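Commentary on secondary and tertiary structure
For reference, the chains in residue letters:
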Amino acid sequence: MSSQTKTSIPPELHQFLQHKDEEYRHHLNQLDLFNPHKTKDWDKTQKAKFAAVFYHTRGHFINFMWYITNFAEDEAIKAVVMENIHEEIGSGNKFSHEKLYERFAQECGVNIHEEIIDETHYVSFARAFNQQHLAWLAKHSTKAQFAAFSAYERLDNIDYPFLTSLAESIGISPSGLTFFRVHMFVEHFDSTLDKLLPIWQDSPETLQQAVAFIYDHQHTMWRKFSDYICLKHYEN
């Protein structure tokens, strides 16, 4: 986050977010999934299962965005989410994120087109992760929904350095790493600030609860993912 962006955030909100970020990084540092000394020894099956399952933990985020956009009454919120979708699909003669992910998946021996259709590796913890996102949205206000969206976007800047190190450790080529590297520097969270700050001013607890849910839910998913891959708990 740039210094200009930091100065635009109230100190109390900045401190809250920094604390949640540090707590979240600490949790990820404890997982075998994000220990390159262990992931470098993954076999072909582990690499393939990671690529296939990870597709589902990120690929269904479109349903999250679709839900928020359809039920938001604020046109500015719709515009923020739609801008994210435009970037995802590669508007402006850029490769879509799906195309970039396809490069990575191919190096792991996974055909994402088959996975999209058959959902062979849409395992229970990944499915629950996505379903529980939607269930939370359905129970909360549109302001809380947008705060959750903003928190999810903020996590990209934390998750993807970890994920990039993981991908490097298993021998992915520079071309295959592109998907991870572009996500390390996205500024999607910054684009939410204009609509996020009024939520903080009107109801700090709304934003705090949304951030806590997203961060805790994401950490739980990574913990289950770590057991699935590293301990080879291959349930369906």
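Before reading further, recall that the structure is shown in the block above.
Overview of the structure.

**Concerning the overall build of the chain**
A count of helical and extended segments in the chain gives 14 helices and zero strands. Helices (α) and strands (β) of the chain occur, in sequence order from the N terminus, as α-α-α-α-α-α-α-α-α-α-α-α-α-α. Relative to the globule expectation of 18 Å for 236 residues, the C-alpha radius of gyration of the chain, 18 Å, shows essentially globular dimensions. Expressed as lengths along the three principal axes of its C-alpha atoms, the size of the chain is roughly 50 × 35 × 35 Å. Counting over 236 residues, the chain shows a buried share of 49%. Here the analysis covers contacts within the chain between residues at least 6 apart in sequence; of these, 79% occur between residues at least 24 apart. As displayed, the chain has an accessible area near 11,600 Å², and 51% of this comes from carbon and sulfur atoms. Between the mean site of the 22 positive side-chain charges and the mean site of the 32 negative ones, the chain shows a separation of 5 Å.

**With respect to the packing of aromatic side chains**
Counting across every chain of the model gives 29 aromatic pairs. Here the aromatic rings of Tyr101 and Phe179 are separated by 5.0 Å at their centres, their planes lie at 85°, and the arrangement is edge-to-face. One end of the pair, Tyr101, is in helix H7 (residues 97-107); the other, Phe179, is in helix H11 (residues 174-184), with 78 residues separating them in the sequence. As far as the burial class goes, Tyr101 and Phe179 line up, both buried. Residue placement shows Lys49 over the ring face of Tyr234; its charged tip is 4.7 Å from the ring centre. Over the ring of Tyr101 we find Arg58; its NZ or CZ atom is 5.2 Å from the centre of that ring.

**Remarks on helix H10 (residues 142-169)**
The first and last C-alpha atoms of H10 sit 40 Å apart over 28 residues, in line with the 40 Å expected at 1.5 Å per residue. Helix geometry: H10 is bent most strongly at Asp159, by close to 35°, with proline Pro161 lying one to four residues after it. Backbone geometry just downstream of H10 places Gly171 in the positive-phi region, at approximately 85°.

**Concerning the nonpolar core**
Buried together is how nonpolar side chains tend to be arranged in soluble globular proteins. Phe50, Phe54, Trp222 and Phe225 are the most contacted members of the largest nonpolar core, which totals 76 residues. Sort the elements by how many residues they give to this core and H10 lands first, with 14 residues. With near-sequence residues (within four places) excluded, Phe225 lies in contact with Leu33, Phe50, Val53, Phe54, Thr57 and Phe125.

**Quick word on unusual backbone geometry**
The phi dihedral of Glu119 falls on the positive side, at around 50°, and the residue is not glycine. Following the sequence through the fold, Glu119 ends up in the loop between helix H8 (112-118) and helix H9 (124-138). We classify Glu119 as partly exposed; its relative accessible area is 29%.

**Considerations on the packing of helix H5 (residues 61-71) against H9**
Where H5 meets H9, the axes come as close as 9 Å, and the angle between the chain directions of the two elements is 15°. As far as their axial angle goes, H9 and H5 are roughly parallel. H9 is crossed by H5, and the crossing has right-handed handedness. Across the interface between the two elements, Asn63, Phe64, Tyr67 and Ile68 of H5 pack against His133, Leu134, Leu137 and Ala138 of H9. Each residue belonging to the contact of H5 with H9 can be placed in one class, and the counts come to six nonpolar, two polar and no charged.

**Quick notes on the environment of Phe189**
Within the element layout of this structure, Phe189 appears in helix H12 (residues 188-191). Distance from Phe189 to Phe149, taken between C-alpha atoms, is 8.8 Å for residues 40 residues apart in sequence.

**Let's talk about the pattern of salt bridges**
On inspection of all chains with the given rule, the structure shows twelve salt bridges. As a salt-bridge pair, Lys143 and Asp202 come within 3.7 Å of each other at their nearest N and O atoms. Within this pair, whereas Lys143 is found in helix H10, its partner Asp202 is found in helix H13 (residues 193-202), the two being separated by 59 residues in sequence. Residue Lys143 is classed as partly exposed on the basis of its relative accessible area of 45%.

Cut-offs used in this document
- Starting afresh in each chain, residues are numbered from 1 along the sequence in its written order.
- Local features in this predicted model are restricted to residues of pLDDT 70 or higher, and side-chain atom pairs are both shown and tallied only at a pLDDT of 80 or more, whereas totals for entire chains, interfaces and linings draw on every residue.
- Side-chain descriptors were evaluated using all non-hydrogen atoms of the structure, hydrogens and water having been removed beforehand.
- Strands are runs of DSSP state E lasting at least 2 residues, helices are runs of H or I lasting at least 4, and numbering of each runs from the N terminus.
- Computation of the radius of gyration draws on C-alpha atoms, with the globule rule given as 2.2 Å multiplied by the number of residues to the power 0.38.
- Here's how the labels work: a residue is buried when its accessible area is under 20% of the maximum for its type, exposed when over 50%, partly exposed in between, all with a 1.4 Å probe on protein chains only.
- Whether two residues are in contact is decided by their heavy atoms: any pair within 4.5 Å suffices.
- The protein chains shown are the only cover counted for residues, whose accessible areas, like all others here, come from Shrake-Rupley with a 1.4 Å probe.
- This count recognises Lys and Arg as positive and Asp and Glu as negative, with His and chain-terminal groups excluded.
- In this description, the location of a charge corresponds to atom NZ of lysine, CZ of arginine, CG of aspartate or CD of glutamate.
- Two rings belonging to Phe, Tyr or Trp (six-membered ring only in the last case) form a pair when the distance between their centres is within 6.5 Å. Interplanar angles under 30 degrees mark stacking, angles over 60 mark edge-to-face geometry, and anything in between is tilted.
- In this scheme, the term charge over a ring applies when either NZ of a lysine or CZ of an arginine sits within 6 Å of the ring centre and within 35 degrees of the ring normal.
- Helices are assigned an expected span. That span is 1.5 Å times one less than the residue count.
- Note that the bend at a residue is defined as the angle between axes fitted to the seven residues ending at it and the seven residues starting at it.
- Nonpolar cores are built from buried Ala, Val, Leu, Ile, Met, Phe, Trp, Tyr and Cys residues. Side-chain atoms within 4.5 Å join them into one set.
- Convention adopted: a line fitted to C-alpha atoms gives each axis, helices being fitted over their contacting stretch, and angles between N-to-C directions are expressed from 0 to 180 degrees.
- Throughout this description, any angle smaller than 35 degrees is read as roughly parallel, any larger than 145 degrees as roughly antiparallel, any in the 65 to 115 degree range as roughly perpendicular, and the remainder as oblique.
- Two helices that cross are described as forming a left-handed crossing if the nearer one is turned anticlockwise from the farther one by less than a right angle, and a right-handed crossing if clockwise.
- Polar here means any residue outside two lists: the nonpolar Ala, Val, Leu, Ile, Met, Phe, Trp, Tyr, Cys and Pro, and the charged Asp, Glu, Lys and Arg; Gly therefore counts as polar.
- Note on definitions: salt bridges are taken to be side-chain nitrogens of Lys or Arg within 4 Å of carboxyl oxygens of Asp or Glu.

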